[in-house]
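Descriptive structure summary
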Amino acid sequence: MKPRIHPDSRLVVFRDRAADVAFLTRSTADSSRTVEWEDGTTYPVIDVEVSSASHPFYTGRSRVLDSAGRVERFERRYGRTAAARS
């Protein structure tokens, strides 16, 4: 790598508030807030809303969609008649 053209990489804690999980990893992101990690060292902390610990794709938990409400809304918009329903 060429010197002085890349941003500084440092250890940062990413904290997923939804799953109450924290990850310590290297990143170029910076934060003014800090947290004490398990090893007793203080690191910058960045709160995230979604991570692999809380995303439905990675956890296998899917959200239930209100399909009945969607069908009713579609019928209201495009005017399905009572004769067509039976």
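Above this text is the structure in question.
A few points on the structure. Predicted model only: the values in this text are computed from it and were never measured.

So, about the side chain of Ser27. Along the chain, Ser27 turns up in strand 2 (residues 21–27). Here Ala29 takes part through its backbone nitrogen, which lies 3.0 Å from a polar atom of the side chain of Ser27. Residues in contact with Ser27, not counting those within four places in the same chain, are Asp8, Ser9, Arg10, Val12 and Phe14.

In this structure, strand 1 (residues 10–16) lies alongside strand 2, joined through 7 bridges in antiparallel fashion. Looking at the pairing, Phe14 lines up with Phe23 of strand 2.

Right, let's get into the pattern of salt bridges. Opposite charge on two side chains permits pairing when their charged atoms draw close. By the definition in use, this model includes 3 salt bridges. A salt bridge links Asp47 to Arg15, with the nearest nitrogen and oxygen atoms 2.7 Å apart. Placement of Asp47 in strand 4 (residues 42–48) and of Arg15 in strand 1 is noted, with a sequence separation of 32 residues between them. Of the residues examined, Asp47 reaches a relative accessible area of 26% and is grouped as partly exposed. Residue class for Arg15 comes out partly exposed when judged on its relative accessible area of 22%. A salt bridge links Asp47 to Arg33, with the nearest nitrogen and oxygen atoms 2.8 Å apart. Remark: Arg33 occurs in the loop between strand 2 and strand 3 (34–36) and Asp47 occurs in strand 4; sequence separation between them is 14 residues. Judged by relative accessible area, which is 42%, Arg33 ranks as partly exposed. One salt-bridge network, held together by shared partners, links Arg15, Arg17, Arg33 and Asp47.

Within this structure, the stated rule accounts for 1 aromatic pair. Each ring, one from Phe74 and one from Tyr78, has its centre 4.8 Å from the other, and the planes form 50°; the classification is tilted. Remark: Tyr78 and Phe74 occur in helix 2 (residues 67–78); sequence separation between them is 4 residues, near one turn of the helix. Each member of the pair, Phe74 as well as Tyr78, is classed as exposed.

Reading the values: the criteria
- Residues numbered from 1 in each chain as written.
- Predicted model: local features only at pLDDT ≥ 70, side-chain atom pairs only at ≥ 80, totals over all residues.
- Heavy atoms only, no water.
- Helix = DSSP H or I, 4+ residues; strand = E, 2+ residues; numbered from the N terminus.
- Polar contact = N/O pair within 3.5 Å; in protein donor to acceptor, adjacent residues only side chain to side chain.
- Contact = heavy atoms within 4.5 Å.
- Pairing = 2+ DSSP bridges.
- Salt bridge = Lys/Arg side-chain N within 4 Å of Asp/Glu carboxyl O.
- Buried < 20%, exposed > 50% of the residue type's maximum accessible area, 1.4 Å probe, protein only.
- Phe/Tyr/Trp six-rings, centres within 6.5 Å; stacked < 30°, edge-to-face > 60°.

So far we have only geometry, and geometry alone does not tell us how the molecule works.
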